[in-house]
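# Descriptive analysis of the structure
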Amino acid sequence: MADLDFFIDVVVSGAVLGAGLADSPEEVTRALGSDFAEDRGRTGMWRDYGLVEFSWARRSRSDPWYATGFTVQVHRLAAGIEAAENLVRRYGPFGGRVRFARLNAELERLD
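These lines cover the structure that appears in this document, whether it is placed above or below. (Residues numbered from 1 in each chain as written. Predicted model: local features only at pLDDT ≥ 70, side-chain atom pairs only at ≥ 80, totals over all residues. Heavy atoms only, no water.)

## What about the sheet that holds strand β1 (residues 37–40)?
A sheet is described by the order of its strands in space; here four strands give the open sequence β1-β2-β3-β4, paired in antiparallel fashion. Here the strands that pair on one side only, and so sit at the sheet edges, are β1 and β4 (66–72). Neighbour to neighbour, the strand axes of the sheet diverge by 15° on average, direction disregarded. Bridge count for β1 against strand β2 (residues 44–48) is four bridges, and the pairing is antiparallel. Opposite Arg40, over in β2, you have Met45 as the bridge partner. Strand contacts of helix α2 (residues 25–32): β2 and β3 (52–57), with the helix running at about 165° to β3, the strand carrying the most contacts. (Pairing = 2+ DSSP bridges. Helix = DSSP H or I, 4+ residues; strand = E, 2+ residues; numbered from the N terminus. Axes fitted to C-alpha atoms, helices over the stretch in contact; angles between N-to-C directions. Contact = heavy atoms within 4.5 Å.)

## Thoughts on the side chain of Gln73
The residue Gln73 is located in the loop between β4 and α3 (75–78) in this model. A polar contact is formed between the side chain of Gln73 and the side chain of Thr71, at a distance of 2.8 Å. Apart from residues no more than four positions distant in its own chain, Gln73 is found in contact with Gly50, Leu51 and Glu53. (Polar contact = N/O pair within 3.5 Å; in protein donor to acceptor, adjacent residues only side chain to side chain.)

## With respect to the pattern of salt bridges
Tallied over the entire structure, the rule returns seven salt bridges. The partner of Arg40 in a salt bridge is Glu38, with the nearest N and O atoms 3.2 Å apart. With a relative accessible area of 35%, Glu38 lands in the partly exposed category. Residue Glu53 is joined to Arg76 by a salt bridge in which the shortest nitrogen-to-oxygen separation is 2.5 Å. Taken as a pair, Glu53 in strand β3 and Arg76 in helix α3 lie far apart in primary sequence, 23 residues in all. Salt bridges sharing common partners tie together Glu38, Arg40 and Arg47. (Salt bridge = Lys/Arg side-chain N within 4 Å of Asp/Glu carboxyl O. Buried < 20%, exposed > 50% of the residue type's maximum accessible area, 1.4 Å probe, protein only.)

As structure tokens, this is what we get:
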């Protein structure tokens, strides 16, 4: 499965299409595209790209956003939620599930 490469890349690199915890909202948008849901408050924000969510915080409105985390929501595949277009373009279509044993075996093979 080509989408297995996505999960391996995330685990190995700690990033999604090169976007990680050092990146601003604008940098993540450049990597993942502009098709996202956003929840933004005065000091917190998250962006939902379907399979992946990024979050940021800041002390005040005048401060820049800093990344606080990102998650890969694997369970959403079973619900039919689609991955961001840039992910599908890079990795191909995503299946409805990921077998941990298969992912783990491939990560062990890569050491």
